[in-house]
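Per-entry structural report
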Amino acid sequence: MDVTQLQQRVHEAWMRQRWDDWRRTCADEYRFDLTPTIRLDLEQTLAWSRAWFTAFPDYREEVKAVYTSDAGVAYELIGAGTSSADVRLFGRTVIPHVPGRSVEVRYAKVLVVNDAGKVIRDRQYLDATALRGGLETR
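Please read all numbers here as calculations on a predicted model, not as lab measurements. (Residues numbered from 1 in each chain as written. Predicted model: local features only at pLDDT ≥ 70, side-chain atom pairs only at ≥ 80, totals over all residues. Heavy atoms only, no water.)

**What to know about the side chain of Ser49**
- Relative to the helices and strands, Ser49 is located in helix α3 (residues 42–55).
- Beyond its immediate sequence surroundings of up to four residues, Ser49 is in contact with Trp14 and Trp19. (Helix = DSSP H or I, 4+ residues; strand = E, 2+ residues; numbered from the N terminus. Contact = heavy atoms within 4.5 Å.)

Here is the structure:
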């Protein structure tokens, strides 16, 4: 299995919001670490992803670097978008909408892959405080 091709499939499906294609890249036991204390399963991750694109419909990412191993892939990203709605997750607003507010997200993502070539763990590493501060002031 080529983890670089998997990373490209995962990223393209997510960016194009092709949720069925994205789901096919994930194992049944898939888990997403949104933050060090928030872990989401597959359905919760889809809810988060849809909420993000609802709030930032013009959101786009650029992959800056990709690092691979037999167990998975890590990559660096820069994303940007403009707010058009609240980010709502599980019935509550987690990021309130401010008209015209833009966001820039710099982060690293790590995908751990099982023997069948499916993602079992999806972790992102970002400075949440800087992101929150940017959302509040833009």
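Alright, that's what it looks like, and here's the rest.
**Things to note about the nonpolar core**
- In terms of nonpolar packing, the biggest core is built from 34 residues, with Trp14, Trp22, Trp48, Trp52, Tyr59 and Val87 touching the most fellow members.
- It is α3 that provides the largest number of residues to this core, a total of seven residues. (Core = buried A, V, L, I, M, F, W, Y, C linked by side-chain atoms within 4.5 Å. Buried < 20%, exposed > 50% of the residue type's maximum accessible area, 1.4 Å probe, protein only.)

**Regarding the sheet that holds strand β7 (residues 102–113)**
- Pairing in this open sheet of six strands is mixed, and the strands run β2-β1-β8-β7-β4-β3 from one edge to the other. The sheet is open, and its two edges are formed by β2 (38–40) and β3 (60–69), each paired on a single side. Strand-to-strand twist across the sheet, computed as the mean angle between neighbouring axes with direction ignored, equals 20°.
- Note that strand β1 (residues 26–35) and β2 share three bridges and pair antiparallel. For Asp33, the partnering residue across the bridge sits in β2 and is Arg39.
- Contacts between helix α1 (residues 3–15) and the sheet are confined to β3, β4 (72–82), β7 and β8 (119–126), with β3 contributing the most and set at about 160° to the helix. (Pairing = 2+ DSSP bridges. Axes fitted to C-alpha atoms, helices over the stretch in contact; angles between N-to-C directions.)

Purely spatial values, then, with no claim about function.
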